[in-house]
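# What the coordinates show
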Amino acid sequence: MFAEIALRNSLFEPFTYRVPEHLRSVLKEGFAVYVPVRRQVQVGFVTALSEKNSSGVPEERLRDIIDIFPLNPVFDRNMFQLLMWASDYYIEPPGSMLFSAVPSGIFKLSNFKVRLNYEDSREVVIGLSRLFKKKGNYKISMLDLFRRLSDGTAQLFVEETDRDQGSVVELSGDVDEEEIKRVSEKYPVIDEILEYLRLKRVLPLYEVLSMLRDKRILRYLYKSNIIRIKSGDLRASSYSVEEGRVIELNEEQLNALKSIERIRESGFGVHYLYGVTGSGKTEIYLRAAKGVLNSGKSVLFLVPEIGLTPQSIYRIRSSLMCDVAVLHSGLYEKERIQEYLRIKNGEVKVVVGARSAIFAPLRNVGMIVVDEEHDTAYKQEESPRYNGRDMAIKRGQIEGCVVVLGSATPSIQSIYSIKTGKFSESRLTIRANNKPLPEIDIVNLSRSKAEDDDVEGLPFYISDELYRALIDTINNNNKAILMLNRRGFNTFILCRSCGYVFKCPDCDIHLVYHRQREMLLCHYCGYNQRLPDICPNCSSLSISKFGFGTEQVEETIKRLIPSSRTVRLDRDSVSNMYDLENAISRFSKGDANILIGTQMVAKGHHFPDVTLVGVILADMSLSVPDFRVQERLLQLLMQVAGRAGRGSESGKVIIQTFNPFEPAIVATKSGNMDEYASIELVRRKNLFYPPFSRIILIRSRSEDAKKAEEVLMIFKNALSGLKRSEVLGPVKSPIERIKKEFRYQLLIKTVEINRVRNTLKNLIPDVYRLHHKVRVSIDVDPLNML
Ligand code: ADP
Ligand code: ZN
Ligand code: ZN
């Protein structure tokens, strides 16, 4: 018997090993085994088993699998199928995909202890690495242990004592309220923790750490004697929530819930919840989850990492009244393993996590929820590249369960899937708390300056409307947020009298201005032109290069409105957690009344007394060379607009632009994506962009520019005969050089995705062998085109 084995670093070709006699009846696909690799022993995964040796290497020259890894099956059939699909789909070697789906520490035996139960009811607890030492009294084989773990006469666990014991945090009995106040002024994030601690009394240490995301604050709290750390029962602390009040769903919500339940009863299906922020989507997920749990199945919640706040987790726990595993990037190796084991053993039936939680070893999955479905954080941008949202749909298909996607600003891809009937849909049109949505004004910058010049001394990027609204806001003791959605590119070119921006005639993406050569360049196909002096649209001489940032806006506001107190939030002013919390805290406590920043201001924090949101120059992010910029702009504008009027007073939003008729900007006024989507879908169809084609972006980088380009030519030539496909490039990447390396890219648009995939896979081994000085990466369904 022969096994194909994927190793951590192997490419697409598997290695073949002989299966020794004693493992023949136990090994299955998805099992981890120990194999010899040159003079070492490595862990690998069985990807295929066969009686025939099809490796091309004579049987006597093949080597034997050494042993079975005791904690098997690492992947059950469904998970193995999902991962092999992902490996194929994303053109990532199986080993890379499989290994990334488990906590890295699970192959380190020293991480585990094992409890062995004997027939005479003796119980032995021993470190796993000691168990396999030659001299140990309890020595058993890997296979024996595997059998014992499977039949329940042995259990694995992490930590020194018991799997449920660990460090917990509680408030010190006699804390000085003054001190707490002082400390929380410095680090506002701890307000939340303290409140949570008051509510629950104890929390696992790892949870507190993940909320703080920084050990220094914890040390501070500990040193100031505000909290105590002791050992305690981790699970009890997680359980100690109070049951949330039961909310009566409104009619829209009830209909949505019914639709989800209908699908759930019939098996696989994708349901989309399209509803404004605050319309009660989460309430529906939770209600549906209850039904799933009652039927004995489990639930997987995916949220963007930023959504994993203590409140949101508490809300899930208190609503479902059960133990919840939380998977996020802040877990330590052992905690990750611990959560992994709890899920795998069926001890928890609800998992909440960021994109990698898609790999959670839940069994019997009854529902998968992807909240904020449009968020690009679901895409993993390094190898293995995958999209958690898309994998959620695939996993749902494999598990035969319902997948619920939700957003206030659906992606164009999803709208298309709804329109074509691939997804069913429910709409939630009213806010559950009946708060009106803010009023949105679109101000035409090219007009407002020319016609009335009431206010003296305003620069072009502060309209009279915005200026007056800022003064009103401050006079009424309210607060404002100003956003300058600058991203990636400093220089941005547009006609100031008609708003014209330069686009590639073939790709319809924005051309990027290259200073040294005074040229405009298309970063998809290489088209270029000189920057003209006269606007091709209105023949004026008003073509301008803009290169201003948040700092300049801040200075201007300070000068124009002396009574303003500003605080800035961007990557230059905030380099770490403290700065961020400080800026946020100055604003939320009222030390500042105008928050000025990049798109960082659109996310996360809740400021009830913000009544005005101003977008300085909405066109600015349109200069990014990406065919999805308009879609992203609309999502960003709606998100930042949602910052206004969350408290008792209603909000106002002013969007300044030179392109007031750009569909993505117009659509923010109604907040309805349908109209925009129908325009955008026509554009995408004409230009052969997704969802009407599939795209693959191949990137190369090397210190040798010529080599980087040559490698891409190999791919291009191999793809030359393809029908219904376009292969654009190779061209320099929009960011041409990072460190010392030159970057090139090749863009493939195709409907023949399987043929392209096979061609690429066949080329990769040779390309890697012959051009080891060039690094090549393949991005299937890329979201970031830079
Ligand atoms: P979303 O997920 O769409 O942003 P949420 O589910 O978080 O919306 O609901 C927003 C707020 O409204 C929450 O505080 C929630 O408890 C409350 N809420 C949701 N549905 C109802 C309802 N039917 N009646 C009253 N309050 C509701
Ligand atoms: Zn013009
Ligand atoms: Zn082009």
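The structure we're discussing is the one just above.
Along each chain, numbering runs from 1 in the same order as the chain's sequence is written. Think of it this way: whatever chain is written first is A, whatever ligand is written first is 1, and the rest follow in order. Selection of residues for local features in this predicted model requires a pLDDT of at least 70, selection of side-chain atom pairs for listing and counting requires 80 or more, and totals for whole chains, interfaces and linings are taken over all residues. Side-chain metrics rest on all non-hydrogen atoms present in the structure, leaving aside hydrogens and water.

### Observations regarding helix α1 (residues 77-89)
Segments assigned H or I by DSSP are reported as helices when at least four residues long, segments assigned E as strands when at least two residues long, and all are numbered from the N terminus. Under the convention used throughout, the expected extent of a helix is 1.5 Å for every residue step, that is, one less than its residue count. Spanning 13 residues, α1 covers 18 Å between terminal C-alpha atoms, matching the ideal 18 Å at 1.5 Å per step. For every residue, the accessible area obtained with a 1.4 Å probe (protein chains only) is divided by the maximum for its type, and the residue is called buried under 20%, exposed over 50%, and partly exposed between those limits. Every buried residue of α1 is accounted for by M79, F80, L82, L83, A86, S87 and Y89. Here, two residues are considered to be in contact whenever any of their heavy atoms come within 4.5 Å of each other. Looking at the packing, one finds that the buried side of α1 touches β4 (40-50), α2 (94-100), α14 (388-399), β30 (694-702), α24 (753-770) and β33 (775-780). Backbone geometry just downstream of α1 places I91 in the positive-phi region, at approximately 50°.

### Here's the deal with the nonpolar core
Grouped together as the largest cluster of nonpolar side chains are 125 residues, with contacts concentrated most on I65, F75, L145, I696, I698 and F715. Every residue in contact with F75, bar those within four places of it in the chain, is listed here: E29, G30, F45, F80, L83, L98, A101 and V102. By nonpolar core we mean a set of buried residues, namely Ala, Val, Leu, Ile, Met, Phe, Trp, Tyr and Cys, connected to one another through side-chain atoms within 4.5 Å.

### Points about the environment of V402
Mapped onto the secondary structure, V402 falls in strand β17 (residues 402-407). Note: C-alpha distance between V402 and R565 (163 residues apart in sequence) is 50 Å. Not counting chain neighbours up to four residues away, the residues in contact with V402 comprise I260, I263, R264, G267, G269, G366, M367 and I368.

### Describing the site of ligand 1
Proximity criterion: a residue is near a molecule or strand once any of its heavy atoms comes within 4 Å of it. The environment of ligand 1 is formed by 15 residues, the closest being E248, Q253, G278, T282 and R315. Each polar contact in these results corresponds to two N or O atoms within 3.5 Å; when the atoms are within protein, one needs to be able to donate a hydrogen and the other to accept it, and residues that are neighboring in sequence are counted only if both atoms are side-chain atoms. A distance of 2.8 Å separates an oxygen atom of ligand 1 from a polar atom in the backbone of K281. Between ligand 1 and T282 there is a distance of 2.5 Å, counted from an oxygen atom to a side-chain nitrogen or oxygen. Alone, ligand 1 offers 550 Å² of accessible surface; in the complex the protein occludes 72% of this. Per element, the largest residue contribution to the shell around ligand 1 is 3 residues, and it comes from helix α11 (residues 281-294). For the shell around ligand 1, a count of residues per class yields 4 nonpolar, 7 polar and 4 charged. Per-residue and other accessible areas follow the Shrake-Rupley method at a 1.4 Å probe size, with only the shown protein chains counted as cover for residues. Three classes are used, and their members are as follows: Ala, Val, Leu, Ile, Met, Phe, Trp, Tyr, Cys and Pro are nonpolar, Asp, Glu, Lys and Arg are charged, and the others, Gly among them, are polar.

### Focus on the sheet that holds strand β3 (residues 32-37)
What holds strands together in a sheet is hydrogen bonding between their backbones, with the strands either parallel or antiparallel. Whether two strands pair comes down to DSSP finding at least two bridges between them. Taken together, the 5 strands give an open sheet; going across it, the order is β2-β1-β4-β3-β5, and neighbouring strands pair in antiparallel fashion. Both outer strands of the open sheet, β2 (15-18) and β5 (67-68), are each paired with one neighbouring strand and no more. Across 4 bridges, strand β1 (residues 2-7) lies against β2 in antiparallel orientation. Opposite I5, over in β2, you have F15 as the bridge partner.

### Some words on unusual backbone geometry
Apart from glycine, the bulk of residues carry a negative phi angle, and the bulk of peptide bonds sit in the trans form. That bond from S383 to P384 is cis: its omega, -5°, falls within 30 degrees of zero. When you line up the elements, P384 lands in the loop between β16 (365-371) and α14. Residue P730 follows G729 across a cis peptide bond; omega there is 0°. Relative to the helices and strands, P730 is located in strand β31 (residues 725-738). Of note, M321 is a non-glycine position whose phi angle comes to about 50°, a positive value. For M321, the position within the fold is in the loop between α12 (310-320) and β14 (324-327). When its relative accessible area of 35% is taken as the criterion, M321 is described as partly exposed.

### Considerations on the pairing of β14
Of the two faces of β14, the one carrying V324 and V326 and the one carrying A325 and L327 are both buried. Across 4 bridges, β14 lies against strand β15 (residues 350-353) in parallel orientation. When the bridges of β15 are listed, V326 appears paired with V352. What joins β14 to β15 is helix α13 (residues 333-344), and the crossover it makes is right-handed. Look down the strands so they point away from you; if going from the first strand over the helix to the second traces a clockwise path, that crossover is right-handed.

### Re the coordination of the zinc ion (ligand 2)
Donor criterion used throughout: N, O or S atom within 2.8 Å of the metal, extended to 3.2 Å for Na, K and Ca. Water excluded; incomplete-looking sites may result. The zinc ion (ligand 2) binds to the protein through C495 (SG), C498 (SG), C535 (SG) and C538 (SG); the donor distances cover 2.2 to 2.3 Å. Under the classification used here, a metal with four donors is tetrahedral if each angle lies between 85 and 135 degrees, square planar if opposite donors are over 155 degrees apart and the others between 65 and 115, a six-donor metal meeting that same test is octahedral, and anything else is irregular. Every donor counted, the 4 donor atoms about the zinc ion (ligand 2) form angles of 108 to 112° at the centre, which fits tetrahedral coordination. Positions of the donor residues of the zinc ion (ligand 2) along the chain correspond to the pattern C-x2-C-x36-C-x2-C. Highlighted residues: C498 in the loop between β21 (492-495) and β22 (512-514) and C538 in the loop between β24 (528-530) and β25 (543-546), separated in sequence by 40 residues. Judged by relative accessible area, which is 24%, C498 ranks as partly exposed. A relative accessible area of 31% means that C538 is categorised as partly exposed.

### Let's talk about helix α10 (residues 251-266)
Taking 1.5 Å per residue as the helical rise, α10 with its 16 residues ought to reach 22 Å, and the 23 Å between its terminal C-alpha atoms agrees with that figure. Those residues of α10 hidden inside the fold are in contact with β12 (269-275), α11, β16, β17 and β18 (424-428). Where α10 begins, the side chain of N250 points an oxygen toward the backbone nitrogen of E252, at a separation of 3.2 Å. At the C-terminal side of α10, G267 shows a positive phi close to 120°.

### What about the packing of helix α23 (residues 705-718) against α24?
Here α23 crosses α24 at 150°, and the two axes come no closer than 10 Å. Where α23 crosses over α24, the two elements pack in a sense that is right-handed. Note on element contacts: α24 touches α23 through T759, L760, L763 and V767, opposite V711, I714, F715 and A718. The residue makeup of the contact of α23 with α24, split by class, is 7 nonpolar, 1 polar and no charged. The axes used here are C-alpha line fits, helices contributing only the stretch in contact, and every angle between their N-to-C directions lies in the interval 0 to 180 degrees. The hand of a helix crossing depends on one turn: near helix anticlockwise from the far one by less than a right angle means left-handed, and clockwise means right-handed.

### Remarks on the pairing of β3
Of all 6 residues in β3, 6 are buried; the element is thus mostly enclosed. Going residue by residue along β3, you find A32, Y34 and P36 tucked away on one face and V33, V35 and V37 tucked away on the opposite face as well. Sheet topology places β3 next to β4; 6 bridges connect them, and they run antiparallel. Paired with V35 across the bridge in β4 is Q42.

### Topic: the packing of aromatic side chains
Classification of ring pairs rests on two measures: the distance between centres of Phe, Tyr or Trp rings, Trp counted by its six-membered ring, which must be within 6.5 Å, and the angle between planes, read as stacked under 30 degrees, edge-to-face over 60 and tilted in between. All chains considered together, the criterion is met by 18 aromatic pairs. Ring geometry for F45 versus F75: centroids 5.0 Å apart, planes at 40°, classification tilted. In this pair, F45 sits in strand β4 while F75 sits in the loop between β5 and α1, placing the two residues 30 residues apart along the sequence. Ring plane angle 75° and centroid distance 6.2 Å describe the contact between Y524 and Y689, whose orientation is recorded as edge-to-face. One end of the pair, Y524, is in the loop between β23 (519-521) and β24; the other, Y689, is in the loop between α22 (673-686) and β30, and 165 residues separate them in sequence. Each member of the pair Y524 and Y689 is classed as buried. An aromatic cluster is defined as three or more aromatic residues linked by ring pairs; in this entry it consists of Y34, F45, F69, F75, F99 and F107. Lysine NZ or arginine CZ positioned within 6 Å of the ring centre and within 35 degrees of the ring normal marks a charge as sitting over the ring. Residue placement shows K479 over the ring face of F587; its charged tip is 5.3 Å from the ring centre. Its end group placed over the ring of Y89, R757 keeps NZ or CZ at 4.7 Å from the ring centre.

### Section: the coordination of the zinc ion (ligand 3)
Looking at the metal site, the zinc ion (ligand 3) is ligated by C504 (SG), C507 (SG), C522 (SG) and C525 (SG), spaced 2.2 to 2.4 Å from it. For the zinc ion (ligand 3), the 4 donor atoms in the first shell make angles of 106 to 113° at the metal, a pattern classed as tetrahedral. All donors of the zinc ion (ligand 3) come from a single chain, and their spacing in sequence reads C-x2-C-x14-C-x2-C. You can see C504 sitting in the loop between β21 and β22 and its partner C522 sitting in the loop between β23 and β24, a full 18 residues away along the chain. Take C504: its relative accessible area is 2%, and that puts it in the buried class. When its relative accessible area of 1% is taken as the criterion, C522 is described as buried.

### A few points about the sheet that holds β15
Ordered by their spatial adjacency, 7 strands build an open sheet running β14-β15-β13-β16-β17-β12-β18, and the pairing between neighbours is parallel. Taken across any chain shown, the strands that pair with only one partner, and hence form the sheet edges, are β14 and β18. Across the sheet, the mean angle from the axis of one strand to that of its neighbour is 15°, orientation sign disregarded. Two strands pair when backbone bridges link them, and β12 and β18 are joined in this way by 5 bridges, in the parallel orientation. Looking at the pairing, H271 lines up with S424 of β18. Of the strands in this sheet, β12, β13 (298-302), β16 and β17 touch α14, which is tilted by about 165° from β16.

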